Amino acid sequence: MAYRWRYLDDTGNETAGPDETFADQPEAEEWLTDTWPELLDQGIDSVTLLDAEAEVYGPMSLHEQA
């Protein structure tokens, strides 16, 4: 299976984002760790990790916790 991220805007609706797929969960999470600031700049508010079409976890906010 391929892992990918579902991108959500600030209203919780799915929005466009990078069309990346990953071989495994750690690879997907490492990519997110490296790119979350750019995703925020693109108007992405939160993400959900998918394995094919099954939700692994999320939605998870990209905003830093206070």
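Whatever comes next refers back to the structure up there.
Residues numbered from 1 in each chain as written. Predicted model: local features only at pLDDT ≥ 70, side-chain atom pairs only at ≥ 80, totals over all residues. Heavy atoms only, no water.

Asks: Just to check I follow, could you spell out the packing of aromatic side chains for this structure?
Replies: The geometry of an aromatic ring pair is captured by two quantities: the separation of the ring centres and the angle between the planes. Summed over all chains, the structure comprises two aromatic pairs. Taking 6.2 Å as the distance between ring centres and 70 degrees as the angle between the ring planes, the aromatic pair formed by W5 and Y57 counts as edge-to-face. In this pair, W5 is assigned in strand β1 (residues 3-8) and Y57 in strand β4 (residues 54-61), connecting sequence segments 52 residues apart. Relative to W31, the ring of F22 lies with its centre 5.5 Å away and its plane at 45 degrees, an arrangement referred to as tilted. Judged by relative accessible area, which is 5%, F22 ranks as buried. (Phe/Tyr/Trp six-rings, centres within 6.5 Å; stacked < 30°, edge-to-face > 60°. Helix = DSSP H or I, 4+ residues; strand = E, 2+ residues; numbered from the N terminus. Buried < 20%, exposed > 50% of the residue type's maximum accessible area, 1.4 Å probe, protein only.)

Asks: I keep staring at the sheet that holds β1 and nothing clicks. Help me out?
Replies: Judged by pairing direction, the sheet is antiparallel, and its four strands sit side by side in the order β2-β1-β3-β4 without closing on themselves. Bordering the open sheet on either side are β2 (14-15) and β4, each of which pairs with just one other strand. Of the pairings in the sheet, the one linking β1 to strand β3 (residues 46-51) comprises six bridges and is antiparallel in character. Looking at the pairing, R6 lines up with T48 of β3. Sheet strands in contact with helix α1 (residues 25-41) are β1, β3 and β4, and its direction is about 30 degrees off that of β1. (Pairing = 2+ DSSP bridges. Contact = heavy atoms within 4.5 Å. Axes fitted to C-alpha atoms, helices over the stretch in contact; angles between N-to-C directions.)

Asks: Any chance you could explain the pattern of salt bridges here in plain terms?
Replies: Side chains that carry opposite charge are capable of pairing whenever their charged atoms lie near each other. A complete count under the given rule lists three salt bridges for this structure. Among the salt bridges present, the one from R4 reaches E53, with a minimum N-O distance of 3.2 Å. One end of the pair, R4, is in strand β1; the other, E53, is in the loop between β3 and β4, and 49 residues separate them in sequence. Residue classification places R4 among the partly exposed positions, given a relative accessible area of 24%. When its relative accessible area of 59% is taken as the criterion, E53 is described as exposed. One salt bridge in this structure joins R6 and E55, with 2.9 Å as the shortest N-O distance. With a gap of 49 residues between them, R6 in strand β1 and E55 in strand β4 connect regions that are remote in the sequence. Three or more residues are tied together by salt bridges with common partners; here these are R6, E14 and E55. (Salt bridge = Lys/Arg side-chain N within 4 Å of Asp/Glu carboxyl O.)

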